[in-house]
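Tertiary structure, described
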Amino acid sequence: DAGVIQSPRHEVTEMGQEVTLRCKPISGHDYLFWYRQTMMRGLELLIYFNNNVPIDDSGMPEDRFSAKMPNASFSTLKIQPSEPRDSAVYFCASSSKQGPSYEQYFGPGTRLTVT
Amino acid sequence: AQKITQTQPGMFVQEKEAVTLDCTYDTSDPSYGLFWYKQPSSGEMIFLIYQGSYDQQNATEGRYSLNFQKARKSANLVISASQLGDSAMYFCAMREKQGANNLFFGTGTRLTVIP
């Protein structure tokens, strides 16, 4: 089975530009998570979805960030306008509520650099 | 208060030796899950092992075992017979509450295996 797929793997953009990160979860998983990883703040949950519905977006830093999940196999995280402090690795993860652990499986991440 | 604390920024271990990576957690929820993830230099997050708060026995997965001490709120990861490929960042994480699915991550421990 294919794992979580993220694109692009690397993104370099200028301040003020719109950035869209994409994620395809593992087929059959009903939870999808977006995380951000920085040296200063570590791994932070931004938002998560259950059955395509946003459940908790309290980690979204500000209105410049938005996330959508139009269907079970696709999600986007958009930053508009981007700022240098948004530079980080953004991970998408998915999980299924089967078994006791329903561990999250992570994608390879998107390394975003905003100049 | 930090929900997950990893006090060892870096650890060294000789190849073929065992190593323990520390993790303490803080929760008042009686139902929670504890996870360990590995992040090699390539950047992906790899799920290693899970321990549920009601599990009577310590979890084991191959060379990985979780030393779960509930009264002390600790969930240390033990890696036996270390291999060079074990060199990576290791993150402890906790999920609180049945039904909720977001993870809280520690700051990680960088393990270096010495040949």
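This text follows the structure it describes.
These numbers come from a predicted model, not from an experiment. (Residues numbered from 1 in each chain as written. Chains lettered and ligands numbered in written order. Predicted model: local features only at pLDDT ≥ 70, side-chain atom pairs only at ≥ 80, totals over all residues. Heavy atoms only, no water.)

Moving on to the sheet that holds strand β7 (residues 65-71) of chain A. Residue and element names in this part refer to chain A. Read across the open sheet, the four strands follow the order β1-β3-β8-β7; overall the sheet is antiparallel. Strand pairing shows two members of the sheet lacking a second neighbour, β1 (5-7) and β7, which therefore form its edges. This sheet shows a mean twist of 15° between the axes of neighbouring strands, independent of strand direction. Pairing geometry for β7 and strand β8 (residues 74-79), over five bridges, is antiparallel. From the neighbouring strand, S66 faces β8, where its bridge partner is K78. (Pairing = 2+ DSSP bridges. Helix = DSSP H or I, 4+ residues; strand = E, 2+ residues; numbered from the N terminus. Axes fitted to C-alpha atoms, helices over the stretch in contact; angles between N-to-C directions.)

With that out of the way, let us pick up the interface of chain B and chain A. Where interface size is given, it is often the accessible area lost as the parts come together that is meant. Taken residue by residue, the interface counts 17 residues in chain B and 18 residues in chain A. Summed over both sides, the interface of chain B with chain A buries roughly 1500 Å², with 54% coming from carbon and sulfur. Counting the contacts that link chain B with chain A gives zero salt bridges. Between the two partners, chain B and chain A, sit two residue pairs in polar contact (both at pLDDT 80 or more). (Contact = heavy atoms within 4.5 Å. Buried area = accessible area lost by both parts, 1.4 Å probe. Salt bridge = Lys/Arg side-chain N within 4 Å of Asp/Glu carboxyl O. Polar contact = N/O pair within 3.5 Å; in protein donor to acceptor, adjacent residues only side chain to side chain.)

So, on to the pattern of salt bridges. Residues and elements named next belong to chain A. Scanning the entire structure with this criterion turns up 10 salt bridges over all chains. Close ionic contact of D86 with R64 constitutes a salt bridge, the shortest N to O distance being 2.6 Å. Remark: R64 occurs in the loop between β6 (53-56) and β7 and D86 occurs in the loop between β8 and β9 (88-95); sequence separation between them is 22 residues. A single burial state applies to D86 and to R64, both of which are buried. (Buried < 20%, exposed > 50% of the residue type's maximum accessible area, 1.4 Å probe, protein only.)

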